[in-house]
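Chain by chain, the residues run as shown.
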Amino acid sequence: MAVGNGATGLAAAARSYCDAAWEPQHRMVFVYVDWPVVELLALATAVGVWVGSRRLTAGLPIAWRGIVPVGLVLFALAVLTVVCFAVVGTPGGYPGDSGLCPESNVPPWWPSGLPA
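Rules of the game
- Residues numbered from 1 in each chain as written.
- Predicted model: local features only at pLDDT ≥ 70, side-chain atom pairs only at ≥ 80, totals over all residues.
- Heavy atoms only, no water.
- Helix = DSSP H or I, 4+ residues; strand = E, 2+ residues; numbered from the N terminus.
- Expected span 1.5 Å × (residues − 1).
- Buried < 20%, exposed > 50% of the residue type's maximum accessible area, 1.4 Å probe, protein only.
- Arc of directions from axis to C-beta.
- Contact = heavy atoms within 4.5 Å.
- Axes fitted to C-alpha atoms, helices over the stretch in contact; angles between N-to-C directions.
- Parallel < 35°, antiparallel > 145°, perpendicular 65-115°, else oblique.
- Left-handed = near helix turned anticlockwise from the far one by under 90°.
- Nonpolar A, V, L, I, M, F, W, Y, C, P; charged D, E, K, R; others polar.
- Disulfide = S-S within 2.5 Å.

Draft legend 1. How the structure looks around helix α1 (residues 2-18). Along its 17 residues, α1 runs 24 Å from first to last C-alpha, staying within 8% of the 24 Å computed at 1.5 Å per residue. All of the buried residues along α1 are G4, A7, T8, A11, A12, A14, R15 and C18. For α1, the angular spread of the buried residues around the axis is 160°, confining them to a single face. On the buried face of α1, the contacting elements are α2 (24-56) and α3 (62-89).

Draft legend 2. Here's a closer look at the packing of α2 against α3. Following both chains from N to C, one finds α2 and α3 inclined at 155°, their axes separated by 9 Å at the closest point. On the basis of their axis angle, the class for α2 and α3 is roughly antiparallel. The way α2 lies across α3 gives a crossing that is right-handed. Across from F30, D34, V38, L41, A42, T45, A46, V49, W50, S53 and R54 in α2, the residues of α3 making contact are R65, G66, P69, V70, L72, V73, A76, L77, L80, C84 and V88. When grouped by side-chain class, the residues that make up the contact of α2 with α3 number 16 nonpolar, three polar and three charged.

Draft legend 3. Looking closely at the state of the cysteines. Applying the stated criterion to the full structure yields one disulfide. A disulfide bridge connects C18 with C101, and the sulfur atoms are separated by 1.9 Å. A torsion of -80° about the S-S bond marks the disulfide between C18 and C101 as left-handed. Placement of the pair is C18 in helix α1 and C101 in the segment after α3, with a sequence separation of 83 residues. Free cysteine: C84, not disulfide-bonded; nearest cysteine sulfur from C18 at 15 Å.

In structure tokens form, the structure reads like this:
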């Protein structure tokens, strides 16, 4: 659940910084629709990857049966966070009012090596 909160918090920070899709009606949709969807998606991703990786590592030594699933879950949640930022946090083409971001609404503080 912390990953869902972090992902939506990152998306909210980008929207508020660029002032893109951050009017009161958009904030309400963000809080009551986007945030719960991302939370449930993060939970489903974590559980799904955990169960799948536990099945795949069933024949490995006991140390690997704990390390591999945790690593895969963390990797999957990191990917989910970047995807959430790209889909929810940067509404491309939406006219941002702050003047701090380009037309893509990707804030300048976002690392250029990560997709958005």
